[in-house]
Amino acid sequence: EAAVTQSPRNKVAVTGGKVTLSCNQTNNHNNMYWYRQDTGHGLRLIHYSYGAGSTEKGDIPDGYKASRPSQENFSLILELATPSQTSVYFCASGDAGGRGQDTQYFGPGTRLLVL
Amino acid sequence: TQTVSQSDAHVTVFEGDSVELRCNYSYGGSIYLSWYIQHHGHGLQFLLKYYSGNPVVQGVNGFEAEFSKSDSSFHLRKASVHWSDSAVYFCAVSPPNTGKLTFGDGTVLTVKP
């Protein structure tokens, strides 16, 4: 019973096309995050959310939008996909511990190829 | 702005050996430190974290990490590794009250039988 799921798991898109990556969590966590991971590197934060209706820019938000319509769902939207956005995307939810730092729980990732 | 450095891109040991994976950070104030593990083809899983108190923190599966303010380090250790510990290990830092993690580039640990 995976607590953070992502769909699709693999996606091939064309340059200039719109891509929506979806994330669902059953942890009842307030915080959710979108990261990308490129080969040989750690994760970089794209957008995050503190709850339904809220989205915040992370460290590399350019070219991405996010949507948090409910506690459970957090989407990442590429309005005009480019080959530089080829990557593996991870969603995470966070338990926002009392001192402010989440322990984050990650989904399995979505592998996106933009041709 | 905080930064994280994992100086060893690859570490190879034999089953039963001890291992230390290094993490150094830079930040001007108090900071949360954590380690995550990523098995091939999977998302990251939390191992342990530190903010204050005892500088040695215990995590899952026999892992522990030690914080050193003087060295700006948070190295991960395990006394006796198993082949299943082969994975990529990420150190991460987060300023208080943000929830935002900054990751290092990761260390690939290979455990040979």
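These notes cover the structure that comes with them.

Parameters at a glance
Residues numbered from 1 in each chain as written. Chains lettered and ligands numbered in written order. Predicted model: local features only at pLDDT ≥ 70, side-chain atom pairs only at ≥ 80, totals over all residues. Heavy atoms only, no water. Contact = heavy atoms within 4.5 Å. Buried area = accessible area lost by both parts, 1.4 Å probe. Salt bridge = Lys/Arg side-chain N within 4 Å of Asp/Glu carboxyl O. Polar contact = N/O pair within 3.5 Å; in protein donor to acceptor, adjacent residues only side chain to side chain. Helix = DSSP H or I, 4+ residues; strand = E, 2+ residues; numbered from the N terminus. Nonpolar A, V, L, I, M, F, W, Y, C, P; charged D, E, K, R; others polar. Buried < 20%, exposed > 50% of the residue type's maximum accessible area, 1.4 Å probe, protein only. Disulfide = S-S within 2.5 Å.

### Re the interface of chain B and chain A
A common way to express how large an interface is: the accessible area buried when the components associate.
And then number 1: Taken together, the contact pairs 23 residues of chain B with 22 residues of chain A.
And then number 2: Between chain B and chain A, the buried area comes to about 1900 Å², and carbon and sulfur atoms account for 47% of it.
And then number 3: The interface formed by chain B and chain A holds 0 salt bridges in total.
And then number 4: The interface formed by chain B and chain A holds 3 residue pairs in polar contact (both at pLDDT 80 or more) in total.
And then number 5: Elements that contribute at least two residues to the side of chain B that touches chain A include exactly β5 (32–38), β6 (44–50) and β10 (87–94) of chain B.
And then number 6: Per-element tally for the side of chain B that touches chain A: the top contributor is β5 of chain B, with 5 residues.
And then number 7: Per-class residue counts for the side of chain B that touches chain A are 9 nonpolar, 11 polar and 3 charged.

### A look at the environment of G41 of chain B
And then number 1: Here G41 of chain B lies in the loop between β5 and β6.
And then number 2: Between the C-alpha atoms of G41 of chain B and Q58 of chain B, which are 17 residues apart in sequence, the distance is 26 Å.
And then number 3: What G41 of chain B contacts, discounting residues up to four positions off in sequence, is R9 and P108 of chain A.

### What about the side chain of Q85 of chain A?
Residue and element names in this part refer to chain A.
And then number 1: Structurally, the position occupied by Q85 is in the loop between β8 (73–78) and β9 (87–94).
And then number 2: Taking the relative accessible area as the measure of exposure, Q85 reaches 5% and is therefore buried.
And then number 3: Discounting chain neighbours no more than four positions away, the residues touching Q85 are R36, G63, Y64, L78, L80, L112 and V114.

### Things to note about the state of the cysteines
And then number 1: Applying the stated criterion across every chain, the model contains 2 disulfides over all chains.
And then number 2: Here C23 of chain A engages in a disulfide with C91 of chain A; their sulfurs sit 1.9 Å apart. Every disulfide takes its handedness from the sign of the S-S torsion; for C23 of chain A and C91 of chain A that torsion is -75°, giving left-handed. In this pair, C23 of chain A sits in strand β3 (residues 19–25) while C91 of chain A sits in strand β9, placing the two residues 68 residues apart along the sequence. Neither residue differs from the other here; C23 of chain A and C91 of chain A are each classed as buried.
And then number 3: C23 of chain B shares a disulfide with C91 of chain B; S-S distance 2.0 Å. Residues C23 of chain B and C91 of chain B are joined by a disulfide whose S-S torsion is about -65°; by sign, that bridge is left-handed. Placement of the pair is C23 of chain B in the loop between β3 (19–21) and β4 (24–26) and C91 of chain B in strand β10, with a sequence separation of 68 residues. For the pair formed by C23 of chain B and C91 of chain B, the shared burial category is buried.

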